[in-house]
Amino acid sequence: MARMNRQVLLASRPQGWVVEDNFRIVDAPMPVPGPGEVLVRNEWLSLDPYMRGRMNEAKSYVPPVQIGEVMVGQTVGEVLESQDPAFKAGDKVLSPLGWQLFGSAKAKSLRKIDVARAPATYYLGVLGMPGMTAWFGLSEIGKPKAGETLVVSAASGAVGSVVGQLAKIMGCRAVGIAGGKTKCDYVVDELGFDACIDYKAGGDVGERLRKACPNGVDVYFENVGGALLDTMLAVMNRFSRIVICGFVAEYNATEPYGYKRLRSILVNRIRMQGMLVFDWEERYGEAIEALAKHLAAGKLKYRESIVEGLDNAPKGLIGLLKGENFGKQLVKLA
Ligand SMILES: NC(=O)c1ccc[n+]([C@@H]2O[C@H](COP(=O)([O-])OP(=O)(O)OC[C@H]3O[C@@H](n4cnc5c(N)ncnc54)[C@H](OP(=O)(O)O)[C@@H]3O)[C@@H](O)[C@H]2O)c1
């Protein structure tokens, strides 16, 4: 029987939380690479919070996925056939081919990955977009100095785990915020943060943050938004910095959260800046080199959360948006 492709398409736009009915899984003909194109068998698919935004109608910093289109996403895979001299069969590549088993991509949209240096999946995580987000957000916007205190939310996740470990490497006190005791224990015991606040444990999160940060907070790396950002605004130091990296707590909300403590930005002269990792695209190599060096030296620990099979990708994304992942969320395709 002829080999078929399999794809996950966007079937409808979510109203609030994503449900499995928002996706349709189909068999499709095998793609055929044209001139300048490369046929790739995807082996791993990255699931990322930004995908929720791409399911909405509204244009964000990039256009939405259209109904009936293959869901967007980065993959790592193997070249099966190349119509471009830059690639040959057997090369391992990073691709933008999305939620499907096979795809044909323009050669210039692919990047070769060095699997002798690190496992292929790391190029979707600590050596990929999330790791580089942590690197540039911290070094270009947060700019922590040795001896300062940094707090990061979603601290056990793909971006947050790297942020806190880099802050430790830079000589800072690193405090995480994460959901649940297991994640918090991991952040402190395995990743080496100085403390981690379990925001799901009840009680006054602000009060616990004050205890964990006796000298206040100099840099806050925001991955979550909503009520947590209001809580943080109350504990920031004068002339502190807030890196706005993500608002995952708001991605499924039907109404924007109404912030209550913005006056703290004025009173404390806080510098708060949004970031998108793509703005540093020309400098990705620099971040990958630095992160790979720290990994090789055993200074960066990393964990992954794996869903098996393309058909389970929708469940994986739904779980990620609910915080059910523990580490970088991936789908094993082959
Ligand atoms: N600006 C950029 O260029 C860029 C690039 C990459 C990622 N990001 C952003 O960075 C953030 C983290 O992304 P990631 O890929 O590293 O994901 P991740 O942290 O591995 O996974 C998402 C985590 O968010 C936390 N979360 C979910 N809902 C929450 C809620 N209501 N309140 C508090 N925490 C919640 C959960 O952790 P807990 O169980 O600990 O709550 C969940 O595990 C996201 O906001 C993402 O959009 C931005």
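Structural notes, computed from the coordinates. (Residues numbered from 1 in each chain as written. Predicted model: local features only at pLDDT ≥ 70, side-chain atom pairs only at ≥ 80, totals over all residues. Heavy atoms only, no water.)

1. Section: the sheet that holds strand 9 (residues 173–178)
Then comes step 1: On the basis of which strands lie adjacent, the open sheet formed by 6 strands has the order 10-9-8-11-12-13 and parallel pairing. Of all strands in the sheet, those with a lone pairing partner are strand 10 (195–198) and strand 13 (271–274), marking the two edges. Each strand axis lies, on average, 15° off the axis of its neighbour in the sheet, ignoring direction.
Then comes step 2: With 3 bridges joining them, strand 8 (residues 149–153) and strand 11 (residues 217–222) adopt parallel strand pairing. Pairing of valine 152 across the sheet is with phenylalanine 221, part of strand 11.
Then comes step 3: Sheet strands in contact with helix 4 (residues 181–190) are strand 9 and strand 10, and its direction is about 170° off that of strand 10. (Pairing = 2+ DSSP bridges. Helix = DSSP H or I, 4+ residues; strand = E, 2+ residues; numbered from the N terminus. Axes fitted to C-alpha atoms, helices over the stretch in contact; angles between N-to-C directions. Contact = heavy atoms within 4.5 Å.)

2. Remarks on the packing of helix 2 (residues 129–142) against helix 3 (residues 158–169)
Helix-helix packing is characterised by the crossing angle of the two axes and by the distance between the axes.
Then comes step 1: Running from amino to carboxyl end, helix 2 crosses helix 3 at an angle of 45°, the nearest separation of the two axes being 8 Å. Our classification of the angle between helix 2 and helix 3 gives oblique. With respect to the hand of their crossing, helix 2 and helix 3 are arranged in right-handed fashion. Only Ala158, Val159, Val162, Val163, Leu166 and Ala167 of helix 3 make contact with helix 2, whose side of the interface consists of Pro130, Gly131, Thr133, Ala134, Trp135 and Leu138.
Then comes step 2: Partitioned by chemical class, the residues of the contact of helix 2 with helix 3 number 10 nonpolar, 2 polar and no charged. (Parallel < 35°, antiparallel > 145°, perpendicular 65-115°, else oblique. Left-handed = near helix turned anticlockwise from the far one by under 90°. Nonpolar A, V, L, I, M, F, W, Y, C, P; charged D, E, K, R; others polar.)

3. Let's talk about the site of the ligand
Then comes step 1: Within the structure, the ligand sits among 26 residues, and Val159, Lys183, Tyr199, Asn223 and Asn325 are positioned closest to it.
Then comes step 2: In this structure, an oxygen atom belonging to the ligand sits 2.8 Å away from a main-chain N or O atom of valine 277.
Then comes step 3: A total of 910 Å² of accessible area belongs to the ligand in isolation, and the protein chains cover 91% of it.
Then comes step 4: Counting only elements with at least two residues in the shell around the ligand, the list comes to helix 2, helix 3 and helix 9 (313–321).
Then comes step 5: Considered class by class, the residues forming the shell around the ligand number 18 nonpolar, 7 polar and 1 charged. (Near = heavy atom within 4 Å. Polar contact = N/O pair within 3.5 Å; in protein donor to acceptor, adjacent residues only side chain to side chain. Areas by Shrake-Rupley, 256 points an atom, 1.4 Å probe, with all protein chains shown as cover.)

4. Examining the environment of glycine 327
Then comes step 1: Within the fold, glycine 327 resides in the loop between helix 9 and strand 15 (328–332).
Then comes step 2: Between the alpha carbons of glycine 327 and valine 175 there is a distance of 17 Å; along the sequence they are 152 residues apart.
Then comes step 3: Setting aside residues no more than four positions away along its own chain, glycine 327 makes contact with Ser156, Arg303, Glu304 and Ser305.

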